[in-house]
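For reference, the chains in residue letters:
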Amino acid sequence: MKVTIYTDGAARGNPNGPGGYGTILQYVDKNGTLHERELSGGYEKTTNNRMELMAVIAGLEALKRPCQVEVISDSRYVTDAFNKHWIEGWMKKGWKGSTGPVKNVDLWKRLLAAANPHEIKLTWVRGHDGHPENERCDRLATGAADGEGLQKDTGLAEG
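Procedures and definitions
Residues numbered from 1 in each chain as written. Predicted model: local features only at pLDDT ≥ 70, side-chain atom pairs only at ≥ 80, totals over all residues. Heavy atoms only, no water. Helix = DSSP H or I, 4+ residues; strand = E, 2+ residues; numbered from the N terminus. Rg over C-alpha atoms; globule rule 2.2 N^0.38 Å. Buried < 20%, exposed > 50% of the residue type's maximum accessible area, 1.4 Å probe, protein only. Areas by Shrake-Rupley, 256 points an atom, 1.4 Å probe, with all protein chains shown as cover. Expected span 1.5 Å × (residues − 1). Contact = heavy atoms within 4.5 Å. Salt bridge = Lys/Arg side-chain N within 4 Å of Asp/Glu carboxyl O.

Brief notes about the overall build of the protein
- Check the secondary structure of the protein and you find five helices and eight strands.
- Along the protein, helices and strands appear, N-terminal first, in the series β-β-β-α-β-α-α-β-β-α-β-α-β.
- Against the compact-globule benchmark of 15 Å for 159 residues, the protein has a radius of gyration of 15 Å, which places it among compact chains.
- Structurally, the protein occupies a C-alpha span of about 50 × 35 × 25 Å along its principal axes.
- Looking at the 159 residues of the protein, the share that counts as buried comes to 47%.
- Accessible surface computed for the protein: about 8,300 Å², of which carbon and sulfur atoms make up 49%.

Here it is as structure tokens:
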């Protein structure tokens, strides 16, 4: 099954504001029906990068079986780490980067574990420029950071 996951993270008052993430999972079933699931969460003292990672993790962990997944993110931090193979380099060096220990190792490891059964592609989109799903994710992430997180299931199959 092919699934598209749209993500966004927000940390109000960056770099250590109350963070939140927004995630939307979409797929079309064999009958041509679009299914969606919206997830948000957060409200913790954190950074925007951590919330961007949490948005991707939430989407991947919500999948109940292996899928072909395209993650659409406005985070260069997340997409570059995947697409430029930084994660592999960090792992080979014992989670050390060019300037010292890699930040957010706990979330990178959790993301890799969540990604394991899936075939994943990460696509970067510029934020706030008309991608409707990305804008919806931004509203979810901001709401979560403001303490109004949404947990709404709109029909994503679990089987």
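Having put the structure on the table, let's press on.
Observations concerning helix α5 (residues 132-145)
- Between its first and last C-alpha atoms α5 spans 20 Å; for 14 residues at 1.5 Å apiece the expected length is 20 Å, and the two agree.
- Of all the positions in α5, only Asn134, Cys137, Asp138, Leu140, Ala141, Thr142, Gly143, Ala144 and Ala145 are classed as buried.
- Taken together, the buried residues of α5 touch β1 (2-11), β2 (17-28), β3 (34-46) and β4 (68-73).

Some words on the pattern of salt bridges
- Tallied over the entire structure, the rule returns seven salt bridges.
- When the shortest N-O distance is used, the salt bridge between Arg110 and Glu61 registers 2.9 Å. Of this pair, Arg110 sits in helix α4 (residues 105-115) while Glu61 sits in helix α1 (residues 48-62), and the two are 49 residues apart along the sequence.
- Residue Lys84 is joined to Asp80 by a salt bridge in which the shortest nitrogen-to-oxygen separation is 3.8 Å.
- Residue classification places Asp80 among the buried residues on the basis of a relative accessible area of 13%.
- It is possible to trace a salt-bridge network through shared partners that takes in Glu36, Glu38 and Arg136.

Geometry only, nothing functional implied.
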